[in-house]
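Spelled out from the first residue to the last, the chains are:
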Amino acid sequence: MSEIRVRIAPSPSGYLHVGTARTAVYNWLFAQKHKGKFVLRIEDTDEARSSNEMVKGIIDSLLWLGLKWDEGPFYQSQRMPLYQKSAQTLLENKKAYFCYCTPEELQTKREEAQKKKIAWKYDRKCYFLSQDDKQNLESKKVPKAIRLLVPEGKTSFHDLVYRDLEKENRNIEDLILLRSDGRPTYNLACVVDDLEMKISHVIRGNDHLPNTFKQILIYQALGEKPPAFAHLPLILGMDRAKISKRFDAVSVTDYRDQGFLPEAVINFLSLLGWSPKDNQEVLSVAELIEKFSLENVHQANPVFDIQKLEWMNGEYIKAQPDEKLLGLVKKFWIEASLVTDEDFSKKKAWLLKIVGILKERCKKLTDFVDLGKFFFTSEFEYEEKALGKQFKNSEVVARLTKLKEKFQGLDGFDKAKSEELVRNLATDLNVKPAELIHPLRLAITGMSFGPSLFEIVELLGKEEVVKRLEKAVNFIHNKLGT
Ligand code: GLU
């Protein structure tokens, strides 16, 4: 096989959407697998809708995912003469023609057709203009676009995912290649660039299938051989509708900011439309590269299941060594003002232990903030539901007060000793250990669930545990009005 060259060609009219990110993952995996090249092309010919901020967002997202490109970024806005030259060649070879129709004229015709309920396609008015009419329009300097002259017949191609596809050319209109202001349309710029960049495989969403027929016609008009095509099934939301901006987090940077790990996102995206033969679900990047193949891309539209992404992210979090995880969590804890940079050097061993006991329960890095906040501050609210159950009467006050006294007198404040203390006290008070354990957890963490209680006790230390028990006792007194 000649060199594999693929590309991702985002339009910077938005951030990197999960659909484009999935396309980027598939292109990148395919390039890695075949030791080919992955090209980044920014399709920014629509200046009004493109912005540098969006380009930066796209580049940051690709880098965060680890999808490093081998060539580019190439900007279509800097390549205008290339497209204009190709359009000119097509004109000269009579494969294209000037169109002087105004947008208003075209709109009126479209509306008339709509009223009559007939599908509208450009009527080739300008193709049939007489020489005199053309000269007249030229002398008036009427703006003109360039349209492709779609030949008669059929257009067919073999898609690597959707197999043999065919369309009657009479259902394809003479598409505009170059607008009257000299800007190319997406289809022309895409073909010219894919040719010039020697792209061997165009891998993109199946929403581009109608464009592919048009693009093949452009290749043919230019006398060139089209690349191979693989169209990817569309990603659906949980409601089975096409995933769109309605979703809160559809930009890759949102996932980063919510505390997803890039390896988990890559793994998850790679399974949106593809699966390895053995149906393994958690796959490292190296395994993905080894197992990925376009032949195994599904035709059916996959559903974007956020819970699955969270589960997968949790698996990746659990598998991280504590040291590495602490580095990842750092930013989130600092942003939430729970710790300072200084703490990271002074209390590193303590922070490592916290990360270590929390990681089993965290699905996202932000969970380390929500579930771990109590380690850093006693300014938390007690969980509403647990309050009624655990802090309900003066008996609890008595038990927590006793616990506080016992903890105060404890020598060597570690998890084994504090567990022994709680169990002994339960025997002395003739209650089940759970009747001490649950209110104790609520008092020192504000929550009814979490990691091992005695590990928490040890990590908080005697002074803090005693202080929190005191606080809880006062709180219950207030609540009961005693
Ligand atoms: N700019 C197009 C898009 O973002 C590229 C499509 C293609 O890969 O050809 O959908």
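Calculation rules
- Counting starts from 1 at the beginning of each chain's written sequence and moves along it residue by residue.
- With pLDDT at 70 or above as the cut-off, local features in this predicted model cover only qualifying residues; side-chain atom pairs require 80 or more to be listed or tallied, and sums for whole chains, interfaces and linings still use all residues.
- Side-chain numbers here rest on the full set of heavy atoms in the structure, without hydrogens or water.
- Numbered from the N terminus, helices here are DSSP runs of H or I no shorter than four residues, and strands are runs of E no shorter than two.
- The buried label applies to any residue whose accessible area, calculated with a 1.4 Å probe on protein chains only, is under 20% of its type's maximum; exposed applies above 50%, and partly exposed to all values in between.
- Any two residues whose heavy atoms approach within 4.5 Å are treated as being in contact.
- Accessibility throughout is a Shrake-Rupley quantity obtained with a 1.4 Å probe, and a residue counts as covered only by protein chains that appear here.
- Positive charges are assigned to Lys and Arg, negative charges to Asp and Glu, while His and the chain termini are left out of the count.
- One atom stands in for each charge, and that atom is NZ of Lys, CZ of Arg, CG of Asp or CD of Glu.
- Between the N-to-C directions of two axes lies an angle of 0 to 180 degrees, each axis being a line fitted to C-alpha atoms and, for a helix, fitted only over the stretch in contact.
- Angles below 35 degrees are treated as roughly parallel, those above 145 as roughly antiparallel, those between 65 and 115 as roughly perpendicular, and all remaining angles as oblique.
- Throughout this entry, Asp, Glu, Lys and Arg are counted as charged residues, while Ala, Val, Leu, Ile, Met, Phe, Trp, Tyr, Cys and Pro are counted as nonpolar. The remaining residues, Gly among them, count as polar.
- To qualify as a nonpolar core, a set must consist of buried Ala, Val, Leu, Ile, Met, Phe, Trp, Tyr and Cys residues joined through side-chain atoms within 4.5 Å.
- One requirement defines pairing of two strands: DSSP has to find at least two bridges between them.
- Two N or O atoms form a polar contact when they lie within 3.5 Å of each other; inside protein one atom must be a possible hydrogen donor and the other a possible acceptor, and for residues adjacent in sequence the pair counts only when both atoms belong to side chains.
- Here a residue is considered near a molecule or strand provided that any single heavy atom belonging to it is located within 4 Å of it.
- In this analysis, rings of Phe, Tyr and Trp, with Trp reduced to its six-membered ring, are considered paired at centre separations within 6.5 Å, and the interplanar angle assigns stacked below 30 degrees, edge-to-face beyond 60, and tilted for intermediate values.
- Note on criteria: charge over ring means Lys NZ or Arg CZ within 6 Å of the ring centre, with the direction from the centre no more than 35 degrees off the ring normal.

Q: Explain the overall build of the protein chain to me, using residue names and the numbers behind them.
A: Across its full length, the protein chain holds 21 helices and ten strands. Principal-axis analysis of the C-alpha atoms gives the protein chain an extent of 110 × 50 × 40 Å. In the protein chain, which comprises 482 residues, the share counted as buried stands at 49%. Considering only intrachain contacts with a sequence separation of at least 6, the fraction spanning at least 24 residues in the protein chain is 75%. When the accessible surface of the protein chain is split by element, carbon and sulfur atoms take 50% of a total near 24000 Å². Positive and negative charge centroids in the protein chain, built from 75 and 70 side chains respectively, lie 3 Å apart.

Q: Describe the packing of helix α12 (residues 322-335) against helix α14 (residues 348-358), naming the residues involved and giving the relevant values.
A: Pairs of packed helices are described in terms of their axes, by the angle between the two and the distance that separates them. Running from amino to carboxyl end, α12 crosses α14 at an angle of 95°, the nearest separation of the two axes being 9 Å. It follows from the interaxial angle that α12 and α14 lie roughly perpendicular. Facing α12, whose interface residues are D322, E323, L325, L326 and W333, α14 presents K348, L351, L352, I354, V355, G356 and L358. Looking at the contact of α12 with α14, its residues break down into eight nonpolar, one polar and three charged.

Q: Tell me about the nonpolar core, and name the residues and values.
A: Counting residues in each nonpolar core, the largest one holds 113 residues, and the members touching the most others are W333, F368, F375, F391 and F407. Among the elements that make up this core, the one with the highest residue count is helix α1 (residues 18-33) (nine residues). If sequence neighbours within four positions are ignored, F391 has contacts with Y382, A386, V396, L400, P439, L442, A443, A472, F475, I476 and K479. Membership of the second largest hydrophobic core comes to 30 residues, among which are V150, F157, F213 and Y219.

Q: Please give an account of helix α6 (residues 186-196) that cites residues and values.
A: With eight of eleven residues buried, α6 is to be regarded as a mostly interior element. Where α6 is concerned, the buried positions are N187, L188, A189, C190, V191, V192, D193 and D194. Summarising the contacts, the buried residues of α6 are in contact with β1 (5-8), β2 (37-42), α3 (80-92), β8 (176-178), β9 (201-205) and α7 (209-221). Trailing α6 by a residue or two, K198 shows a phi angle of about 50°, which is positive.

Q: Kindly report on the sheet that holds strand β5 (residues 145-148), identifying the contributing residues and their values.
A: Spatially, the three strands line up as an open sheet ordered β4-β5-β8, and their pairing is antiparallel. The strands lining the two open edges of the sheet, one partner per strand, are β4 (96-99) and β8. Neighbour-to-neighbour, the strand axes of this sheet turn through a mean angle of 45°, independent of strand direction. Strand direction decides the pairing type here: β5 and β8, joined by two bridges, are antiparallel. Residue pairing in the sheet places R147 in a bridge with I176 of β8.

Q: Describe the environment of E379, naming the residues involved and giving the relevant values.
A: Its place among the elements puts E379 in the loop between α15 (367-370) and α16 (384-390). A relative accessible area of 58% means that E379 is categorised as exposed. With 254 residues separating them along the chain, E379 and K125 place their C-alpha atoms 75 Å apart.

Q: Go over the side chain of R79 with me, naming the residues and quoting the values.
A: Relative to the helices and strands, R79 resides in the loop between β3 (71-75) and α3. For R79, the side chain forms a polar contact with the side chain of E196, separated by 2.7 Å. Apart from the residues lying within four places of it in its own chain, the contact partners of R79 are F74, D193, E196 and M197.

Q: Residues and numbers for the site of the ligand, please.
A: The ligand sits among R7, A9, S11, E43, Y186, C190, R204 and H208. A distance of 2.7 Å is found between an oxygen atom of the ligand and a side-chain nitrogen or oxygen belonging to R7. Interatomic distance of 2.8 Å between a side-chain N/O atom of R204 and an oxygen atom of the ligand. Starting from 290 Å² of accessible surface for the ligand in isolation, the protein chains cover 81%.

Q: Tell me what's going on with the sheet that holds β3, and back it up with residues and numbers.
A: Reading across the sheet, the three strands line up as β1-β2-β3 and stay open at both edges, with parallel pairing between neighbours. Both outer strands of the open sheet, β1 and β3, are each paired with one neighbouring strand and no more. Across the sheet, the mean angle separating the axes of adjacent strands is 25° when strand polarity is ignored. In terms of strand pairing, β1 meets β2 through four bridges, oriented parallel. In the strand pairing of β2, I8 is matched with L40.

Q: Now, about the environment of Y255: what can you tell me, with residues and values included?
A: Within the fold, Y255 resides in helix α8 (residues 252-257). Judged by relative accessible area, which is 4%, Y255 ranks as buried. In sequence terms Y255 and A241 are 14 residues apart; their C-alpha atoms lie 21 Å from each other.

Q: With reference to specific residues and values, describe unusual backbone geometry.
A: Residues G72 and P73 are joined by a peptide bond in cis, for which omega reads 5°. Relative to the helices and strands, P73 resides in strand β3. For K198, which is not glycine, the phi dihedral falls at a positive 50°. Position of K198 relative to the elements: it lies in the loop between α6 and β9. The exposure class of K198 is exposed, given its relative accessible area of 61%.

Q: An account of the packing of aromatic side chains is requested, with residue identities and associated values reported.
A: By the definition in use, this model includes 19 aromatic pairs. Ring geometry for Y127 against F128: centres 5.1 Å apart, planes inclined by 75°, an arrangement best described as edge-to-face. A relative accessible area of 36% means that Y127 is categorised as partly exposed. Site record: aromatic cluster; members linked through ring pairs are Y255, F260, F268 and F304. Between R147 and the ring centre of Y122, over which it is positioned, the NZ or CZ distance is 3.6 Å. The lysine or arginine in question, K330, covers the ring of F344, its NZ or CZ lying 5.0 Å from the ring centre.

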